[in-house]
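Chain by chain, the residues:
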Amino acid sequence: MDSVKIDRRKVCPAEIGGMLDNRFRRWLHPRKQIVGPYVHEGDFVLDLGCGPGSFTDSLAELIGPDGRVLAVDLQEKMLRAMKRKITQLGLEGRVIAHPCRADSLLLEEYREKADFALAFWMVHETPDPLSFLAEVHTALKPGGQLLCTEPKMHVSEKLYREMVEGARDLGFRVQPVEGIRMSRAVLFTKE
């Protein structure tokens, strides 16, 4: 997949973050139904491009009091919105807000490897999707999984296939995931 410079027009602005987490979107993408099969109590989970916490709350509930969710986002305003939501739900002890850069998730400080990572409708916003996937691969423990979904309206079948093949070359086992509306989805497992 070709590397591209970060295009601010491609990154969902924090000012419209509410469109990512509303009643319609929760119906369209039922959070626990989507991530529930992959997340377990006590897991260390990466919520990549967490936005206003669309999936963060469900992940925090699923991992229980002994797990942790590292909620990663490029935009401080998104992280603040996520923190407000998590605090209102009383889940703040389970979630760590983690700012990143466009070109790096900045995960080096975390020695613990993740059991699961979620990249929901956001890989196409990264300047270099294969570098992003390589960084996630490094952050996962052996057997760790990354659920990657991309919106059909923004990501062509060709670009999606290139991303999947690139992930396979990085050492991910690839399993297509069906049933996520308006999405192309795949479960990557670190070998």
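Just above, that's the structure.
Residues numbered from 1 in each chain as written. Predicted model: local features only at pLDDT ≥ 70, side-chain atom pairs only at ≥ 80, totals over all residues. Heavy atoms only, no water.

Student: Teacher, can you tell me more about helix α4 (residues 76-88) here?
Tutor: In an α-helix, one turn spans 3.6 residues, which is why side chains three or four residues apart end up on the same side. Here α4 contains 13 residues, and its C-alpha end-to-end distance of 18 Å stays within 8% of the 18 Å for a straight helix at 1.5 Å per residue. Residues Met78, Leu79, Ala81, Met82, Lys85 and Ile86 constitute the buried set of α4. Considered in projection along α4, the buried side chains sweep an arc of 160 degrees and stay on one side of the axis. Of the exposed residues in α4, those oriented more than 90 degrees away from the buried face are Arg84 and Gln88. Its buried side turned inward, α4 meets α3 (56-63), β2 (68-73) and β3 (95-99). Two residues or fewer after α4 comes glycine 90, characterised by a positive phi angle close to 70 degrees. (Helix = DSSP H or I, 4+ residues; strand = E, 2+ residues; numbered from the N terminus. Expected span 1.5 Å × (residues − 1). Buried < 20%, exposed > 50% of the residue type's maximum accessible area, 1.4 Å probe, protein only. Arc of directions from axis to C-beta. Contact = heavy atoms within 4.5 Å.)

Student: How should the pattern of salt bridges be read in this particular structure?
Tutor: Applying the stated criterion across every chain, the model contains 13 salt bridges. Close ionic contact of aspartate 21 with arginine 31 constitutes a salt bridge, the shortest N to O distance being 3.8 Å. With aspartate 21 in the segment before α1 (23-28) and arginine 31 in helix α2 (residues 31-35), this pair connects stretches of sequence that are 10 residues apart. Each member of the pair, aspartate 21 together with arginine 31, is buried. Glutamate 162 is paired through a salt bridge with lysine 158; the nearest N and O atoms lie 2.7 Å apart. Here glutamate 162 pairs with lysine 158, and both are found in helix α6 (residues 157-170), just 4 residues apart, close to one helical turn. Beyond isolated ion pairs, a larger network of salt bridges with shared partners links Asp21, Arg26, Arg31, Asp57 and Lys85. (Salt bridge = Lys/Arg side-chain N within 4 Å of Asp/Glu carboxyl O.)

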